[in-house]
Amino acid sequence: MARKDALLRLHSRLVARRDALRKALNGDLESFRQFAALNVVGDNVDAAVDTANDEICSQLVEIESRELGQIEHALQRIVDGAYGRCEFCNAKIAEARLNALPYTNTCIDCQRENERQGQAFGAGADDPRWAKIYDKPSDDNDGDSDIRLSDFEMDMSETGR
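Residues numbered from 1 in each chain as written. Predicted model: local features only at pLDDT ≥ 70, side-chain atom pairs only at ≥ 80, totals over all residues. Heavy atoms only, no water.

(A) The arrangement of the pattern of salt bridges in detail. By the definition in use, this model includes 6 salt bridges. The shortest N-O distance in the salt bridge between R116 and E113 comes to 2.5 Å. Of this pair, R116 and E113 both sit in helix α4 (residues 108–116), 3 residues apart, which is roughly one turn of the helix. The exposure class of R116 is exposed, given its relative accessible area of 60%. A relative accessible area of 32% places E113 in the partly exposed class. (Salt bridge = Lys/Arg side-chain N within 4 Å of Asp/Glu carboxyl O. Helix = DSSP H or I, 4+ residues; strand = E, 2+ residues; numbered from the N terminus. Buried < 20%, exposed > 50% of the residue type's maximum accessible area, 1.4 Å probe, protein only.)

Listed below in structure tokens is the structure:
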């Protein structure tokens, strides 16, 4: 019964967080639309501040959207009966980890390995963004230390000299 109670408690937390994120994202997008409709820019400094604020808001929306996707995935795993098991090694995920991060889909060992390999948030090895990391030689000398600026010709006409 304790596991079922813990599962219900975690499900409630996931649903509450999902609903809060949906509300926040809806509000963020709506306020962004209202702000964009005004489109009142003073001087260059105001435009720069507005651009920086837009970038920060955009990044926050992206982070919240990613978290919402992870929560939706965790809720689906509950429905499928796979919640609490690592998607990589199928081992049980520690209850303390689930309490700290209810939408996690990896055990701590697999998460550490994923992060070590540059696969944060469970990105797969077939993800093209990580292809360079996997193709990189495993030895410590990657050849960058052999590069010297004097090896490159510089076109002085481009630098104005």
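(B) Representation of the layout of surface pockets in the model. Taken as a whole, the second largest pocket encloses approximately 160 Å³ of empty space. Residue lining of the second largest pocket: A2, R3, A6, L7, L10, Y83, G84, K92, I93, E95 and L98, and that is the complete set. Broken down by secondary-structure element, the contributors of at least two residues to the lining of the second largest pocket are α1 (2–38) and α3 (95–100). With 5 residues, the top contributor of residues to the lining of the second largest pocket is α1. Partitioning the lining of the second largest pocket into residue classes produces 7 nonpolar, 1 polar and 3 charged. (1 Å grid on protein atoms, 1.4 Å probe; cavity = no way out; pocket = protein on both sides within 12 Å on 5 of 7 lines; lining within 4 Å. Points joined across faces, edges and corners; volume = space filled by probe spheres on them. Nonpolar A, V, L, I, M, F, W, Y, C, P; charged D, E, K, R; others polar.)

(C) Broad picture of unusual backbone geometry. Within the chain, N90 stands out as a residue other than glycine whose phi angle is a positive 65 degrees. Among the secondary structure elements, N90 is positioned in the loop between α2 (44–80) and α3.

(D) Spotlight on the nonpolar core. Ranked by internal contacts, the top residues of the largest apolar core, which has 17 residues, are L14, I71 and Y83. Looking at this core, the elements with two or more residues in it are α1 and α2. Counting residues per element, this core draws most heavily on α2, which supplies 6 residues. Once residues lying within four places of it in the same chain are set aside, the contact partners of L14 are I71, A74, L75, I78, Y83, P102 and Y103. (Core = buried A, V, L, I, M, F, W, Y, C linked by side-chain atoms within 4.5 Å. Contact = heavy atoms within 4.5 Å.)

(E) Layout of the state of the cysteines. Taken as a whole and judged by the stated rule, the model has 0 disulfides. Distance from the sulfur of C86, which forms no disulfide, to the nearest cysteine sulfur (C110) is 3.6 Å. Owing to a relative accessible area of 2%, C86 belongs among the buried residues under this scheme. C110 carries a free sulfur, and the closest cysteine sulfur to it, the one in C107, is 3.6 Å from it. Judged by relative accessible area, which is 15%, C110 ranks as buried. (Disulfide = S-S within 2.5 Å.)

By themselves, these figures tell us nothing about what the structure is for.
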